Amino acid sequence: MNKIINLSISLLLLFTTSVVFAVEQASIASKDDYISAKGTNFLLKGKQYYVVGTNMWYGGYLGSSGKVGDRARLVKELDSLKLLGINNIRVLAVSEKAEHNSAVRPATTNGFGNHDEDLLAGLDFFMAEIAKRNITAVIYLNNFWQWSGGMSQYMSWITGKPVQDPNVTKDWESFMQTSASFYQSKKAQDEWRKTIKKIVTRVNTITGKSYVNDPAILSWQLANEPRAGNWKASEKDKAIYVKWINDTAKYIHSLDPNHMVSTGSEGLMGSNGDEKLYSDAHSSPYINYMTYHMWIRNWGWFDQKKPAETWDAGVAKAKEYLNVHIDIAKKVNKPLVLEEFGLDRDFGAYDVKSTTHYRDNFYRMVFDTLYNRVKAGDPIVGYNFWAWNGSARTTRSNYWWQSGDDFMGDPPQEEQGMYGIFDSDISTILIIKEYADKMHALAQ
Ligand code: IFL
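Residues numbered from 1 in each chain as written. Predicted model: local features only at pLDDT ≥ 70, side-chain atom pairs only at ≥ 80, totals over all residues. Heavy atoms only, no water.

Enquirer: Lay out unusual backbone geometry with the relevant residues and their values.
Expert: Put simply, arginine 105 and proline 106 share a cis peptide bond, and its omega is -10 degrees. Mapped onto the elements, proline 106 comes out in the loop between strand S5 (88-92) and helix H4 (117-132). Of note, the amide linkage connecting tryptophan 386 to alanine 387 takes the cis form, showing an omega dihedral of 5 degrees. In this fold, alanine 387 is placed in the loop between strand S11 (380-385) and strand S12 (388-390). (Helix = DSSP H or I, 4+ residues; strand = E, 2+ residues; numbered from the N terminus.)

Enquirer: Requested: an account of the packing of helix H8 (residues 186-200) against helix H9 (residues 235-255), with residues and values cited.
Expert: Between H8 and H9, the least distance of the axes is 10 Å, while the angle of their chain directions is 35 degrees. Once H8 is placed against H9, the crossing between them reads as right-handed. Residues Gln189, Trp192, Arg193, Ile196, Lys197 and Val200 of H8 lie in contact with H9, whose contacting residues are Trp244, Asp247, Thr248, Tyr251, Ile252 and Leu255. In terms of residue class, the contact of H8 with H9 is built from seven nonpolar, two polar and three charged. (Axes fitted to C-alpha atoms, helices over the stretch in contact; angles between N-to-C directions. Left-handed = near helix turned anticlockwise from the far one by under 90°. Contact = heavy atoms within 4.5 Å. Nonpolar A, V, L, I, M, F, W, Y, C, P; charged D, E, K, R; others polar.)

Enquirer: An account of the packing of helix H11 (residues 307-332) against helix H12 (residues 357-375) is needed here, citing residue identities and associated values.
Expert: Taken N-terminus to C-terminus, the directions of H11 and H12 make an angle of 25 degrees; their axes are 11 Å apart at the nearest point. By the angle between their directions, the pair H11 and H12 is classed as roughly parallel. For the crossing formed where H11 meets H12, the hand is right-handed. On H12, the residues touching Pro307, Ala308, Trp311, Val315, Ala318, Lys319, Leu322, Asn323, Ile326, Asp327 and Lys330 of H11 are Tyr358, Asn361, Phe362, Met365, Val366, Thr369, Leu370 and Arg373. Of the residues in the contact of H11 with H12, the class split is twelve nonpolar, three polar and four charged. (Parallel < 35°, antiparallel > 145°, perpendicular 65-115°, else oblique.)

Enquirer: Pulling in residues and values, what's your account of the packing of aromatic side chains?
Expert: Following the criterion strictly, the structure yields 41 aromatic pairs and no others. Note on tyrosine 292 and tyrosine 321: the rings are 6.1 Å apart at their centroids and 35 degrees apart in plane angle, and the pair reads as tilted. Of this pair, tyrosine 292 sits in strand S9 (residues 290-294) while tyrosine 321 sits in helix H11, and the two are 29 residues apart along the sequence. Assigned by exposure class, tyrosine 292 and tyrosine 321 land together as buried. Summarising the aromatic geometry, the rings of tryptophan 401 and phenylalanine 407 are spaced 5.8 Å apart at their centres and angled 20 degrees between planes, so their arrangement reads as stacked. Here tryptophan 401 matches phenylalanine 407 in class, with each residue buried. By the ring-pair criterion, three or more aromatic residues cluster together here, those being Trp57, Tyr58, Tyr61, Trp147, Trp295, Trp386, Trp401, Phe407 and Tyr419. Note that arginine 90 overlies the ring of tyrosine 140, its terminal NZ or CZ placed 4.5 Å from the centroid. (Phe/Tyr/Trp six-rings, centres within 6.5 Å; stacked < 30°, edge-to-face > 60°. Buried < 20%, exposed > 50% of the residue type's maximum accessible area, 1.4 Å probe, protein only. Lys NZ or Arg CZ within 6 Å of the ring centre and 35° of its normal.)

Enquirer: Can you tell me about H12, naming the residues and giving the values?
Expert: The end-to-end C-alpha distance of H12, which contains 19 residues, comes to 27 Å, matching closely the 27 Å that a straight helix rising 1.5 Å per residue would cover. Every buried residue of H12 is listed here: Arg359, Asp360, Phe362, Tyr363, Met365, Val366, Phe367, Thr369, Leu370, Tyr371, Arg373 and Val374. At its buried positions, H12 is contacted by S9, H11, strand S10 (336-341), S11, strand S13 (421-422) and helix H13 (426-442). In the stretch just after H12, glycine 377 is the one whose phi turns positive, near 85 degrees. (Expected span 1.5 Å × (residues − 1).)

Enquirer: So, the pattern of salt bridges: which residues are in play, and what are the values?
Expert: On inspection of all chains with the given rule, the structure shows 28 salt bridges. Arginine 133 serves as the salt-bridge partner of aspartate 79, at 2.8 Å between the closest nitrogen and oxygen. Highlighted residues: aspartate 79 in helix H3 (residues 71-84) and arginine 133 in the loop between H4 and strand S6 (136-140), separated in sequence by 54 residues. In this structure arginine 133 comes out as buried when scored by relative accessible area, which is 12%. Its salt-bridge partner being aspartate 425, residue arginine 345 comes within 2.9 Å of it at the nearest N-O pair. Linking arginine 345 in the loop between S10 and H12 with aspartate 425 in the loop between S13 and H13, this pair joins segments that are 80 residues apart in sequence. (Salt bridge = Lys/Arg side-chain N within 4 Å of Asp/Glu carboxyl O.)

Enquirer: Run through the pairing of S10, naming residues and quoting values.
Expert: Counting buried residues along S10, six of its six residues qualify, which places the element largely inside the surrounding structure. Of the pairings in the sheet, the one linking S9 to S10 comprises five bridges and is parallel in character. From the neighbouring strand, methionine 294 faces S10, where its bridge partner is phenylalanine 341. Viewed along the sheet, the connection from S9 through H11 into S10 turns out right-handed. Note that S10 and S11 share two bridges and pair parallel. Looking at the pairing, leucine 336 lines up with isoleucine 380 of S11. (Pairing = 2+ DSSP bridges. Right-handed = clockwise from strand over helix to strand, strands pointing away.)

Laid out in structure tokens, this is it:
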């Protein structure tokens, strides 16, 4: 009798697996349905594809059906972004549990191999919802900075030493050195590859579709803003970093033949100002396009407390930074995306009701500079502004995030409201929409 029951169960399992496989086969996209890089262009179904995007690191968090999730809000945010003309979102795949105050709580990963399935299913929901809206995702698999645990947390798990939160120590140089030690740790790389494999080969629990077969993924991204080391990185550090990029990207392609892989690099400011390092990092045959980020206040090119005095020089430097990367991409012969930029609200305010005149002018300048170069057929293929706060609001008088607060584009390492765009920022939203329309018109 037992034998018969076992046999029936096995047959049932075989049948179910075959049906799932057959359903997935039937819906498997053709090569043309995935965005790919050709020369300095992105192509989708034989047509130019331009990234008109935003950043929403917390997309998977909102998608969770658990306590921290808010699916109704996610759906509403995506509807708003769609109306704005957004077609791409940069999102975090995994976070590592950290003790310091600058990191998001909970984390998707609570120690090596210990993943929170509810939170991971949140990314599934996010992916299912963006696909419905014809929005694509860039999914990053690690973080050089501390707000999602990231590389410094991997190293803390390995060395047993607590992460020294640079928000507290103010010692960013030694923090960066610790983060970069991640590239050289065999244990860290082995553990990270297990996580990469888990995410990349995942089957979406909402759609039943494998991530590998999901055309809504524009690219897998190694990490948010990986750097070779601190500002004193040696030639050896740089070589290790370039090799790490090549090897990891190759590994991801071995798991997923359908999608592009990108670095998440900030460009020259994340490459010690070293053009060779930036070019080398993106010359790997396994890196399909180039990325850069631009932060004129973080980098001291603009002082938000003295805007009138520092605006002209800050904008001049910004324009140069925007253009110089496009010229480098021409030499490397790959497409380029400006995947982060932003500016404070006027005079560095965080309050949702404060004005955004300088930010609005800055957004217009960035969009216009890039739009004109896209139009001229240069290697720039789009942008993602940082970031979408949408309907999130903080109730904290000091603007610092705490567990249970709304998730917004400003991560927990920064004041809530610093750079993100709220759904009430109408003047900025109108500029985003104006240029989204212009960019889409170029793809006709
Ligand atoms: O929040 C920051 C984020 O870590 C990033 N780049 C800069 C953002 C604003 O400071 O990736």
